Amino acid sequence: MSDVSLVLRSTRVITPEGTRAASIAVADGRIAAVLPYDAQVPPGARLEDVGDDVVLPGLVDTHVHVNDPGRTEWEGFWTATRAAAAGGITTLLDMPLNSLPPTTTAAHLRTKREVARTKAHIDVGFWGGAVPDNVKDLRPLHDAGVFGFKSFLSPSGVDEFPELDQEQLSRSLAEIAGFGGLLIVHAEDPHELAAAPQRSGPAYADFLASRPRGAENAAITGLIAQARRLDARVHVLHLSSSDALPLIADAKRDGVRITVESCPHFLTLTAEEVPDGATEFKCCPPIREAANQDALWQGLIDGTIDCVVSDHSPCTTDLKTPDFASAWGGISSLQLGLPAIWTEARRRGRPLEDVVRWMSTAPAALAGLTRKGAIEAGRDADFAVLAPDETFTVDPARLHHRNQVTAYAGRTLYGVVRSTWLRGTRIVHEGALTEPAGRLLERTN
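Conventions and cut-offs
For every chain, the first residue of the written sequence is number 1, and numbering continues from 1 along that sequence. Selection of residues for local features in this predicted model requires a pLDDT of at least 70, selection of side-chain atom pairs for listing and counting requires 80 or more, and totals for whole chains, interfaces and linings are taken over all residues. Each side-chain value is worked out from all heavy atoms of the structure, with water and hydrogens disregarded. Here the aromatic set is Phe, Tyr and Trp, taking the six-membered ring for Trp, and pairing holds for ring centres within 6.5 Å; pairs whose planes are under 30 degrees apart are stacked, those over 60 apart are edge-to-face, and all others are tilted. Here a strand is any run of E in DSSP of at least two residues, a helix any run of H or I of at least four, and the numbering for each starts at the N terminus. Only protein chains enter the calculation, and the probe is 1.4 Å; a residue is then buried if its accessible area is under 20% of its type maximum, exposed if over 50%, and partly exposed in between. We call a charge positioned over a ring when the NZ of a Lys or the CZ of an Arg lies within 6 Å of the ring centre and within 35 degrees of the ring normal. In this description, a nonpolar core means a group of buried Ala, Val, Leu, Ile, Met, Phe, Trp, Tyr and Cys residues linked to one another through side-chain atoms lying within 4.5 Å. Here the rule is simple: two strands pair whenever DSSP picks up at least two bridges between them. Throughout, an axis means a line fitted to C-alpha atoms (over the contacting stretch in the case of helices), and angles, computed between N-to-C directions, take values from 0 to 180 degrees. An angle below 35 degrees is read as roughly parallel, one above 145 as roughly antiparallel, one from 65 to 115 as roughly perpendicular, and any other as oblique. When the near helix sits turned anticlockwise from the far one by under a right angle, the crossing is termed left-handed; a clockwise turn instead gives a right-handed crossing. Between two residues, a contact is recorded if the distance between any of their heavy atoms is within 4.5 Å. Amino acids are sorted into nonpolar (Ala, Val, Leu, Ile, Met, Phe, Trp, Tyr, Cys and Pro), charged (Asp, Glu, Lys and Arg) and polar (every other residue, Gly among them).

Caption draft 1: Local environment of the packing of aromatic side chains. On inspection of all chains with the given rule, the structure shows eight aromatic pairs. Between Y204 and F207, the ring centres sit 5.9 Å apart and the planes meet at 55°, which makes this aromatic pair tilted. Pair noted here: Y204 and F207 are both in helix α6 (residues 204-210), with a separation of three residues, about one helical turn. Each member of the pair, Y204 as well as F207, is classed as buried. Ring plane angle 70° and centroid distance 5.2 Å describe the contact between Y204 and F324, whose orientation is recorded as edge-to-face. In this pair, Y204 is assigned in helix α6 and F324 in the loop between β14 (307-308) and α11 (337-347), connecting sequence segments 120 residues apart. Residue classification places F324 among the buried positions, given a relative accessible area of 1%. Counting every residue linked through ring pairs, the aromatic cluster contains Y204, F207 and F324. The cationic tip of R71 hangs over the ring face of W74; the distance from NZ or CZ to the ring centre is 5.3 Å.

Laid out in structure tokens, this is it:
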């Protein structure tokens with residue numbers, strides 16, 4: 001181990017085998033070995049002892065809207081990756097929409113990569129987009145290294161990224177299945193949405209009624225049928241309706257290749273607590289009732305839901321008007337996902353190891369990021385150092401994303417991120433960030 005440059009030591013290191021006192025040896029940006037706690041430090045290596053703070057693998061967030069280029073007043077790679085790093089995230093995958101141009105061709109992907117290259121504080125990969133007129137572009141995007149393809153089954157909210165109807169979904173999914181790709185889907189049925197009552201105004205109850213659970217349930221039912229018929233791999237984004245859990249569980253038991261995510265806002269916020277006019281809580285699908293949240297947690301615990309990611313979808317403050325019908329729909333939470341989920345998990349008696357599985361290991365597996373998501377030899381030396389029993393109150397002014405709008409303002413959360421490490425280099429320490437050190441990632445399988 002003569003090439004070891006760093007040993008990171010803690011009484012609590014979360015590994016795939018459990019939590020234990022350990023010393024992590026790092027060489028050339030990777031984990032060389034996970035050693036006993038009192039192992040001798042190799043000559044020339046630097047020892048960083050974090051005491052009783054917990055060392056966990058850097059989080060992997062596979063659902064982030066960076067909006068760069070084109071809508072950089074909403075967000076950008078510099079600000080989004082700083083927020084992610086401050087929250088213990090070391091890898092994110094950027095969604096293909098809300099940027100201009102959207103990532104729907106290989107040329108557009110090159111444009112986005114050039115913008116991101118010098119601004120990324122953490123490692124960044126990219127999803128491609130599946131829209132009605134780009135079936136011919138899907139294979140070139142796949143060959144260019146995107147991690148899969150995002151589609152909508154109902155309007156996306158931006159004109160340049162239209163939704164797929166069922167025939168278009170079938171064509172796109174057949175093409176993607178043909179080269180072994182992954183389709184990730186915003187699953188709300190447009191007919192169910194059109195039939196729901198649509199009222200403008202500040203009342204959250206009216207907005208919730210406009211996005212019924214039935215819209216998710218119907219879209220997921222159709223997606224399962226398509227995936228079953230084509231033996232295709234699909235992923236349900238931001239699951240909000242707990243009614244869909246039995247459908248998904250049955251499909252998984254039948255061998256349908258389907259995975260599912262949910263988000264911190266669905267698992268920590270409830271419809272009952274959303275004040276009228278507080279559109280910082282608006283997202284699509286919506287935050288639902290407490291009983292629905294309880295069922296989502298059960299689905300997470302039993303494995304029906306695979307992972308938890310942010311769906312960070314920011315905008316400028318002026319777009320969060322008090323009218324739920326017209327306000328931009330998106331929750332900004334990139335920096336807060338880990339403490340938000342840990343706060344609720346500990347309240348429900350779940351260990352930090354579960355949070356690591358949901359927010360690091362499983363998202364890395366979803367994207368095929370074999371060097372991320374765990375503390376074991378051969379993986380990238382990406383870590384978050386967490387003080388799990390310390391609390392802080394969310395102050396929007398201390399958040400690093402571009403527009404400090406957040407549904408978590410004023411909440412007291414458990415879990416203070418002491419430092420974040422990317423490939424063995426500390427990029428965040430007690431709130432201070434280094435210059436960008438992230439790399440642009442491509443799919444390798």
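Moving on from the model shown.
Caption draft 2: Just the nonpolar core, in detail. One finds L56, F149, L239 and V355 to be the most contacted residues of the largest nonpolar core, which totals 94 residues. Among the nonpolar cores identified, the runner-up in size contains 21 residues, and V60, F152, A364 and L441 belong to it.

Caption draft 3: Expanded view of the side chain of H312. Take H312: it is sitting in the loop between β14 and α11. Note on H312: relative accessible area 0%, which makes it buried.

Caption draft 4: Representation of unusual backbone geometry. With an omega of 5°, the peptide bond between L100 and P101 qualifies as cis. Within the element layout of this structure, P101 appears in the loop between β7 (89-94) and α2 (106-116). Omega for the bond connecting C284 with P285 falls within 30 degrees of zero, at -5°, which places this linkage in the cis form. Relative to the helices and strands, P285 is located in the loop between α9 (264-268) and α10 (290-301). The backbone phi angle of N67 is positive, close to 70°, even though this residue is not glycine. When its relative accessible area of 0% is taken as the criterion, N67 is described as buried.

Caption draft 5: Quick look at the sheet that holds β7. What the three strands build is an open sheet, ordered β6-β7-β8; its pairing is parallel. This sheet does not close on itself; its edge strands, each paired only once, are β6 (59-64) and β8 (123-126). On average, each strand axis in the sheet is tilted by 20° relative to the strand beside it, whichever way the strands run. Inspection of the sheet shows β7 paired to β8 by four bridges, in the parallel sense.

Caption draft 6: Broad picture of the packing of helix α3 (residues 135-143) against helix α4 (residues 166-178). α4 packs onto α3 with a crossing angle of 30° between their chain directions and a minimal axis gap of 10 Å. With respect to α4, the element α3 is oriented roughly parallel. α3 and α4 meet at a crossing whose hand is right-handed. Residues V135, L138 and R139 of α3 lie in contact with α4, whose contacting residues are S172, E175 and I176. Across the contact of α3 with α4, the residue classes tally to three nonpolar, one polar and two charged.

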